[in-house]
Amino acid sequence: MILSLVNTASFFIIGGLLAQSPIQNAIQVAVNRVAPSVVTIETSGGSEVISLGRGPRDQDKLLRKGLGATTGVIVHPDGWILSSAFNFANKPTSIIVSINQAKHIARIVGTDTTRSIALLKIQVPTPQVAEVAPVSQLQPGQTVMALGRTLSGSESPPSVSVGIISALNRIQGKAIQTDAKISPVNYGGPLVDLAGRVAGILVPLSPQGEGEGAGIEWYDSGIGFSVPLEHCLKILPKLMDGKDLKRGMLGILLKGDPLMDPPEVGTAQTGLPAQKAGMQNGDLIVSVGGNRVENQTQFQREMSKYYSGDRVNLVYKRGDKEVSVLGLELISPSKSQGQAKLGIYPVRDDVGLGILIRHVNPKGAADLAGLASGDRILAARPFMVLPAGSPAIPALIPPPKFGRAEMVQAMDRILPGMEMELLVQKNGQKSSKSFKVKSDLGEEGLADLNPTTASNRPIQGDRPSDKKPQTGLISGTNNAQDRVWKAFLPKGAGREMHGLVVWFHPPGRGKDNDLEEIVNLWEMQLNRYRLVLLMPQSDAETGWNVSDSTFINESVKAIQEMANIDPNRIVAHGFAQGGQMAGYLGFSQKGLYKGVAAVGAIPSNLPREAPDSGLQFFLSTGDRDPQLEAIKASQKSLRGLGIPCFLHGMPQSGQQYLDLGGLESLNRWMEGLDGL
Amino acid sequence: MRLHFLTLVLFGGVVSGLPGQESLSQVFNNTYPKVVKIYGAGGIRGLAGYGTGVVISADGLVLTVNNHLMDGGDLVAHLHDGTRVPVKVLAREPELDTALLKLGGAKQALDDLPYFDFEEAYKKPIAGPGVSVLAFSNAFQIATREEPVSIMQGNIASYGRLFGRIGIFDIPFSGNVYVVDAITNNPGAAGGALTDRNGQLLGLVGREVRNELTNTWVNYAIPVQAQVDVRGPNGMSRIGIMDLVRKKESYRPAPKVEKPVDVEPYTGIRLVSNLIDRTPPFIEEVFPGSPAAIAGIKPDDLIVYVDGIPVPSINTYRELLLRYKPGDKIRVDVRRRDQLVGLDITPLKALEGSKPPFRIPLITQPSGGRP
């Protein structure tokens with residue numbers, strides 16, 4: 001009875017009948033030939049929307065993921081199947097591959113993030129391996145078919161879109177372009193030639209971005225891409241090893257116009273491969289891997305053949321001299337260096353000399369060097385080892401002004417693993433200490449900080465600089481007076497330094513009573529941890545827009561003018577879509593936010609390169625939130641970018657706001673944001 | 001983003017034909033006069049006030065899609081030669097998403113009106129993936145009066161049930177359709193002709209709809225041979241467009257007997273909380289002695305298929321379960337660690353006081369932490 005609506009096709013399907021042209025017969029023969037290697041992939045669970053990364057105008061783009069089956073291609077008889085990473089961008093709970101109606105549990109083994117390729121493994125033999133069409137035998141103009149399984153089950157023929165090859169070596173040489181209709185209907189499926197051989201795996205690709213969904217906006221447009229199967233087979237062993245292949249980077253920024261100018265080094269980043277190999281600003285790269293490059297486009301095309309961890313030979317020109325560099329090992333876009341940390345926390349509102357240490361992380365760099373709470377740091381500089389015979393370095397002396405701001409600047413100049421020299425005053429004795437700075441990725445857990453030790457302000461007595469804001473629940477508007485924000489200022493928000501939490505409510509939960517609920521929940525913590533809570537109101541039912549940034553910035557500025565806000569503890573905090581907005585602002589408003597706390601949300605629009613600001617992340621997810629895997633993966637990618645990220649897990653919870661334990665964790669995390 | 005790429009093969013364009021095949025321009029010249037432009041009420045909620053129809057008889061029978069245009073009345077058709085005639089709606093068949101119209105006006109207006117031979121088209125086999133096709137329609141109302149309608153070329157991408165495959169989505173037509181790889185389904189194109197390379201009618205160009213499987217726009221046509229099974233007073237009947245054309249009336253099933261309440265039969269499975277639209281159907285608890293327990297279902301199993309139909313979420317599972325009666329056998333495939341296990345559940349009558357499943361709204365609300 002369940003299939004009562006199914007229309008049993010009482011007509012058989014044309015197969016090379018009637019007045020069919022030879023080309024149509026050829027198409028059908030080719031499709032039938034390759035069809036057994038084209039498999040159906042079903043998924044369950046996963047998040048509802050996926051991020052497409054940032055668009056050309058820097059907007060955050062989200063896409064609702066379809067519910068249907070997707071497509072893969074058998075490339076090896078031991079159960080190896082290639083597909084597009086787009087098909088799994090929503091991090092599904094379960095993946096099942098159907099071959100001829102037989103179903104097999106599959107897992108993702110490796111990915112190539114530069115080409116949106118994913119390799120799946122199933123535990124049965126797969127003898128129907130697709131035959132490869134070498135790129136050298138392809139040419140623009142030849143007829144090709146794009147095959148997919150979304151519209152057809154694993155038992156019927158795959159869907160077919162016919163077109164021609166529009167170009168080879170597109171998108172930095174990574175893709176074959178076709179005018180066949182490429183869309184989620186066939187992403188992961190094959191682009192097939194008339195001989196039934198697979199030219200490439202269909203993927204969304206974009207010259208602009210590298211996210212899993214970048215390029216989807218071109219679906220069905222007549223501009224579609226596939227990654228040559230020949231290339232995929234070359235990287236197959238690496239993918240089988242479980243590698244996530246990323247771009248290989250030299251650690252240089254090129255100078256000038258990417259379309260017009262030659263590949264001249266603008267900056268060779270300190271500590272990264274090119275600089276370590278002796279390259280400098282102004283060097284002109286003339287060949288990559290033995291191939292001459294005359295402009296930046298050619299340079300990028302040659303570089304796109306390599307992945308991080310690969311070794312490349314370079315020739316560069318300095319003045320009239322050509323220099324060869326052999327076997328330079330490439331790093332990934334975001335070499336996970338983390339942030340340089342000493343493992344100390346300064347006392348706030350301190351008027352004494354230098355920085356008074358409030359707390360030292362056990363086993364941190366400073367602890368191992370013998371620093372303790374109560375010590376004062378009077379000066380700091382990166383420690384340099386100079387070549388023998390250089391004049392002696394003058395001793396470190398306290399500069400006229402040295403406080404938290406100056407210390408933060410000094411920390412910005414060093415990378416983890418480098419040495420730092422401090423002038424420390426301990427029990428009245430001054431001494432110089434040098435030690436290696438550690439990397440922080442938020443893996444150590446939260447520091448054990450007592451909020452009552454945070455400030456050095458005496459209870460009594462105002463300073464002339466003190467502000468006298470209205471306290472409690474207040475509201476204000478933006479300059480244009482068409483948007484409203486609310487805020488809660490604890491008593492003393494004008495005296496002691498306060499952190500600032502900017503709350504981004506979920507869609508439809510921005511009414512006055514919703515915000516009052518948030519204040520009720522937070523009020524005790526706001527007083528205890530000395531925090532101001534700012535709550536801009538979104539006027540759209542659908543939630544936050546990127547265009548709300550100006551209004552939000554204005555409201556932050558208003559609070560900064562009103563209260564004594566600690567620039568080292570400004571946090572964007574949100575739940576669900578509000579959490580995504582918080583993540584967006586963290587990356588886009590460089591230097592303003594020191595932390596992003598996203599609850600039940602997947603931070604999107606991660607930058608390609610590690611940001612240079614000291615941004616940190618706090619993520620929270622319920623262990624039954626269908627986004628759990630995606631949120632865990634975000635933590636990994638954030639750390640991959642060198643961004644410290646703490647993940648708070650809530651047992652027995654789905655996608656929901658913080659419980660009281662979570663709220664306490666968040667507050668402790670914020671309390672540690674000004675750690676050095 | 002939706003891109004409208006029109007491949008307009010211009011009237012009189014030179015396309016060399018294959019041996020035994022008419023040139024594309026010959027096919028065009030012979031076929032476009034069989035397509036009429038339809039005008040009616042529209043403009044509400046962005047819906048076009050124009051559409052397309054195909055002529056299927058010398059006396060002016062026209063087939064089109066049963067869309068909003070049919071609601072308005074006062075329909076007018078522009079014939080290939082620019083003649084304007086009133087149109088009468090003879091019958092609408094919601095089950096087939098098709099409407100049968102009759103061209104009116106002065107008798108001589110319809111003299112020598114070219115038409116598709118529907119009987120002959122009906123006897124032809126279904127076209128398979130890869131077959132080259134042409135679509136004739138008044139997309140975007142580009143053509144007016146005697147101007148020829150637009151022609152696009154593409155290929156059959158697939159033949160089968162579309163989003164209706166799972167049977168739970170909002171779809172205008174649940175039978176098998178042609179999906180084509182050209183962007184044919186544009187405003188005003190619904191009811192146009194999908195033909196093979198020789199101008200033989202294959203189907204009616206469908207509406208503009210988003211495909212739930214991929215969340216992208218999909219271009220489909222309702223085949224001439226379209227059939228669906230519908231429940232009538234005497235049980236199930238199979239009806240097709242041919243029935244509509246021959247009887248000139250829609251199949252009128254007796255008013256549906258209101259089922260008391262749509263309650264899923266008792267399996268004894270409690271799933272995890274359904275928090276968002278795509279919560280995977282993990283089993284939280286199996287009540288001892290219940291049909292599920294007897295079948296061998298265990299807590300923490302993940303339901304992946306119900307009678308072979310993929311179950312991506314709890315919502316899908318709930319809607320599928322409503323289709324079963326107590327005593328039916330339900331084949332359930334569950335994922336248990338790294339194994340797929342197939343089990344048969346024979347559900348019982350729903351427990352007293354069971355309520356229809358509650359479908360949660362898309363946006364979830366904070367539950368914990370908020371006093």
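Just checking my understanding: could you explain the overall build of chain B for this structure?
The number of helices and strands found in chain B is 6 helices and 22 strands. In chain B, buried positions account for 48% of the 371 residues.

Would you mind showing me how to read the overall build of chain A here?
Looking only at helices and strands, one finds 12 helices and 36 strands in chain A. Counting across all 676 residues of chain A, residues that qualify as buried make up 50%. Taking the intrachain contacts of chain A between residues at least 6 apart in sequence as the baseline, contacts between residues at least 24 apart amount to 68%.

I would appreciate a short explanation of the nonpolar core in the present structure.
Within soluble globular proteins, side chains that are nonpolar tend to cluster in buried spots. Counting 156 residues, the largest nonpolar core has M145(A) and Y178(B) as the members making the most contacts within it. Among all residues touching Y178(B), those that are not within four sequence positions of it are A127(B), I156(B), Y159(B), L194(B), L202(B), G203(B), Y220(B), A221(B) and P223(B). Judged by nonpolar contacts, the second largest core, of 62 residues, contains A487(A), A563(A), A630(A) and L641(A).

Mind showing me how you'd approach the confidence of the model for chain A here?
The predicted structure's coordinates, where accompanied by low pLDDT, should not be read in detail. Residue and element names in this part refer to chain A. When pLDDT is averaged along chain A, the result is 85, and 89% of the positions lie at 70 or above. Within the model, pLDDT remains below 50 along residues 1-18, and this stretch shows 33 contacts once partners closer than five positions in the same chain are excluded. Below pLDDT 50 for its whole length, residues 54-60 participates in 11 contacts with residues either more than four positions away or in separate chains.

Teacher, can you tell me more about unusual backbone geometry here?
In terms of backbone geometry, most residues other than glycine have negative phi values and most peptide bonds are trans. Residues and elements named next belong to chain A. In the Ramachandran plot, K363 falls in the positive-phi region, its phi being about 70° despite a non-glycine side chain. In this structure, K363 sits in the loop between β24 (355-360) and α6 (365-368). The class of K363 is exposed, set by 10 C-beta atoms lying within 10 Å.

Explanation requested: the environment of E541(A) in the structure shown.
All names here are of chain A. With respect to the helices, strands and loops of the structure, E541 is situated in the loop between β32 (531-536) and α9 (549-562). C-alpha separation for the pair E541 and P506, spaced 35 residues apart in sequence, amounts to 9.7 Å. The residues touching E541, leaving out its near neighbours within four places in the chain, are P507 and G508.

Sorry, what's going on with the sheet that holds strand β20 (residues 311-318) of chain A here?
Adjacent strands of a sheet pair through backbone hydrogen bonds, lying either parallel or antiparallel. All names here are of chain A. Taken together, the 4 strands give an open sheet; going across it, the order is β19-β18-β20-β21, and neighbouring strands pair in antiparallel fashion. In this open sheet, the two edge strands, each paired with only one partner strand, are β19 (291-292) and β21 (321-329). Note that strand β18 (residues 284-288) and β20 share 4 bridges and pair antiparallel. Its bridge partner being in β20, I285 is matched across the sheet by Y316.

Even after reading the chapter, I still don't get the sheet that holds strand β11 (residues 201-205) of chain B, so can you show me in this structure?
Residue and element names in this part refer to chain B. The 6 strands are arranged β7-β8-β9-β14-β11-β10 in a closed barrel whose pairing can be described as antiparallel. Each strand axis lies, on average, 40° off the axis of its neighbour in the sheet, ignoring direction. In the sheet, β11 pairs with strand β14 (residues 220-223) via 3 bridges, with the strands oriented antiparallel. Of the residues in β14, the one forming a bridge with G203 is P223.

Would you explain the pairing of β20(A) in this entry?
Walk down a regular strand and you will see the side chains alternate between the two sheet faces. Residue and element names in this part refer to chain A. Relative to β21, β20 runs antiparallel, the two being bridged by 7 bridges. In the sheet register, L314 faces β21, and the bridge partner there is V325. What sits between the antiparallel neighbours β20 and β21 is a turn of 2 residues, in which G319 has the positive phi angle 65°.

Even after reading the chapter, I still don't get helix α3 (residues 229-240) of chain A, so can you show me in this structure?
An α-helical segment advances 3.6 residues per turn. Residues three or four places apart therefore align on the same side. Residues and elements named next belong to chain A. For α3, spanning 12 residues, the distance from its first C-alpha to its last is 15 Å, which sits close to the expected 16 Å at 1.5 Å a residue. For α3, the set of buried residues is L229, H231, C232 and L239. Taken down its axis, α3 places every buried residue within 125° of arc, on the same side. Projecting away from the buried face of α3 at angles above 90 degrees are the exposed residues K234 and P237. If you follow the buried residues of α3, they end up packed against β4 (70-76), β5 (80-84), β7 (102-112), β8 (117-122), β13 (198-203) and β14 (224-228).

Got a minute to help me understand the confidence of the model for chain B in this structure?
All names here are of chain B. Averaged over every residue, the pLDDT of chain B is 80; the share at 70 or more is 80%. Under a pLDDT of 50 for its full length, residues 164-169 has, in the predicted model, 9 contacts with residues more than four places off or in other chains. Here residues 254-261 is a poorly scored stretch, pLDDT under 50, and it has 3 contacts once near neighbours within four places are set aside; other chains count. Scored as a complex, the prediction yields pTM 0.65 and ipTM 0.74.

Quick question: what am I supposed to make of helix α6 (residues 314-321) of chain B here?
All names here are of chain B. Taking burial as the measure, the 8 residues of α6 include 6 buried ones, the bulk of the element. Along α6, the residues that are buried comprise I314, N315, T316, Y317, L320 and L321. Against β17 (269-271), β19 (302-306) and β20 (309-310) lie the buried residues of α6.

Help me understand the pairing of strand β9 (residues 177-180) of chain B, please; the structure alone is not making it clear to me.
Residue and element names in this part refer to chain B. Side-chain alternation along β9 places V177 and V179 on one buried face and Y178 and V180 on a second face that is also buried. Sheet topology places strand β8 (residues 150-160) next to β9; 4 bridges connect them, and they run antiparallel. The residue of β9 that forms the bridge with Y159 is Y178. Judged from the 2 bridges that link them, β9 and β14 form a sheet pairing that is antiparallel. Within β14, the position partnered with Y178 by the bridge is A221.

I would appreciate a short explanation of the environment of D59(B) in the present structure.
Relative to the helices and strands, D59(B) is located in the loop between β2 (50-55) and β3 (61-65). D59(B) sits 52 residues away from D111(B) along the chain, and the two C-alpha atoms are 8.5 Å apart.

Honestly, the environment of R381(A) in this entry has me stumped. Any pointers?
All names here are of chain A. Among the structural elements, R381 can be located in strand β25 (residues 376-382). For R381, a count of 16 C-beta atoms within 10 Å translates into the label partly exposed. Among all residues touching R381, those that are not within four sequence positions of it are L396, A410 and E421.

Cut-offs used in this document
- Residues numbered from 1 in each chain as written.
- Chains lettered and ligands numbered in written order.
- Predicted model: local features only at pLDDT ≥ 70, side-chain atom pairs only at ≥ 80, totals over all residues.
- Helix = DSSP H or I, 4+ residues; strand = E, 2+ residues; numbered from the N terminus.
- Buried ≥ 20, exposed ≤ 12 C-beta atoms within 10 Å, placed from the backbone.
- Contact = placed C-beta atoms within 7 Å.
- Core = buried A, V, L, I, M, F, W, Y, C linked by C-beta atoms within 7 Å.
- pLDDT = per-residue confidence, 0-100.
- Pairing = 2+ DSSP bridges.
- Axes fitted to C-alpha atoms, helices over the stretch in contact; angles between N-to-C directions.
- Expected span 1.5 Å × (residues − 1).
- Arc of directions from axis to C-beta.

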